Amino acid sequence: MTNEPRTPRPTLDQEAVLTHLHAARRHQTPTALWTVVGDVPVLLAEIDRLARLLSRARWDFANLLAAARASLVADQDGESDPLAYLRDEVAQHRAWVPPDDGELSG
C-alpha cells in the first residue's frame with residue numbers, strides 16, 4: 001500500500017470556466033454568453049463522472065464494512081480463519097484499480 005492518495009483529478013479547466021462566466025457577466029455579448037453556454041456540457045459530464053466515482057466509493061466502502069463485520073462475527077463464532085471474509089473483499093477491491101488519470105473504468 002502506498003501513501004499516495006488516489007484522488008480523482010478534474011477533467012475540466014475550472015479556472016477557464018470561471019473566466020468565461022465572469023466575462024459573460026461583465027460584457028454580456030453574444031460571444032461571451034455562448035462561450036459560457038458551451039461550458040455546460042463539459043460541466044455536466046464532470047458532474048456525471050464524479051457521481052459515478054462517488055457511487056463506486058460508497059459501494060466499495062459498504063462491501064469492505066460488510067466483510068469487516070463478517071470477520072468479527074466469524075471470530076466470535078470461533079471460525080478457524082475469521083479474516084478470510086476481509087481478505088477476499090480486499091483482494092476484489094485491489095483487482096479494480098483506477099487508472100492514474102482518475103477515470104472510472106467499467
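Our structure's up above, just so we're on the same page.
Residues numbered from 1 in each chain as written. Predicted model: local features only at pLDDT ≥ 70, side-chain atom pairs only at ≥ 80, totals over all residues. Heavy atoms only, no water.

Participant: Provide a residue-level description of the overall build of the protein, including the pertinent values.
Facilitator: Of regular secondary structure, the protein possesses three helices and zero strands. Secondary structure elements in the protein, listed N-terminal to C-terminal, are α-α-α. Counting only residues that meet the buried cut, the protein has 18% of its 106 residues in that class. Partitioning the intrachain contacts of the protein with sequence separation of at least 6 by distance along the chain shows that 53% fall at a separation of at least 24. Working note: accessible area of the protein is about 8,300 Å², and carbon and sulfur atoms make up 60% of it. (Helix = DSSP H or I, 4+ residues; strand = E, 2+ residues; numbered from the N terminus. Buried < 20%, exposed > 50% of the residue type's maximum accessible area, 1.4 Å probe, protein only. Contact = heavy atoms within 4.5 Å. Areas by Shrake-Rupley, 256 points an atom, 1.4 Å probe, with all protein chains shown as cover.)

Participant: Outline the packing of helix H2 (residues 30-76) against helix H3 (residues 84-95), supporting the account with residue identities and numerical values.
Facilitator: Remark: H2 packs on H3, axes separated minimally by 7 Å, with the N-to-C direction vectors making an angle of 160°. Our classification of the angle between H2 and H3 gives roughly antiparallel. Crossing handedness for the pair H2 and H3: left-handed. The residues of H3 that touch H2, namely those facing Asp-60, Asn-63, Leu-64, Ala-67, Ala-68, Ala-70, Ser-71 and Ala-74, are Tyr-85, Leu-86, Glu-89, Val-90 and His-93. Across the contact of H2 with H3, the residue classes tally to eight nonpolar, three polar and two charged. (Axes fitted to C-alpha atoms, helices over the stretch in contact; angles between N-to-C directions. Parallel < 35°, antiparallel > 145°, perpendicular 65-115°, else oblique. Left-handed = near helix turned anticlockwise from the far one by under 90°. Nonpolar A, V, L, I, M, F, W, Y, C, P; charged D, E, K, R; others polar.)

Participant: Report on a nonpolar patch on the surface, specifying residues and quantitative values.
Facilitator: Together, Val-40, Leu-44 and Ile-47 make up a nonpolar patch on the protein surface, roughly 290 Å² of accessible area in all. For Leu-44, a relative accessible area of 53% gives the class exposed. (Patch = residues over 30% accessible without salt bridge, like charges linked within 9 Å, V, L, I, M, F, W, Y side chains within 5 Å. Salt bridge = Lys/Arg side-chain N within 4 Å of Asp/Glu carboxyl O.)

Participant: Describe the packing of helix H1 (residues 14-27) against H2, with residues and values.
Facilitator: Axis separation between H1 and H2 bottoms out at 8 Å; the angle between their running directions is 145°. In the crossing of H1 with H2, the sense of the turn from one axis to the other is left-handed. Together, Val-17, His-20, Leu-21, Ala-23 and Ala-24 of H1 and Ala-32, Leu-33, Thr-35, Val-36, Asp-39 and Leu-43 of H2 make up the contact between the two elements. Of the residues in the contact of H1 with H2, the class split is eight nonpolar, two polar and one charged.

Participant: Before we move on, could you go through unusual backbone geometry and cite the residues and values that matter?
Facilitator: Of note, the phi angle at Gln-28 is positive, near 50°, even though the residue is not glycine. Assignment of secondary structure puts Gln-28 in the loop between H1 and H2. Residue Gln-28 is classed as exposed on the basis of its relative accessible area, which comes to 59%.

Participant: Go over the side chain of Asp-39 with me, naming the residues and quoting the values.
Facilitator: In this structure, Asp-39 sits in helix H2. We note that Asp-39 is buried and unpaired, the nearest opposite charge coming from Arg-25 at a distance of 12 Å. In this view, Asp-39 contacts Val-17 and His-20; residues no more than four positions away in its chain are not counted. (Lys, Arg positive; Asp, Glu negative; His and termini not counted.)

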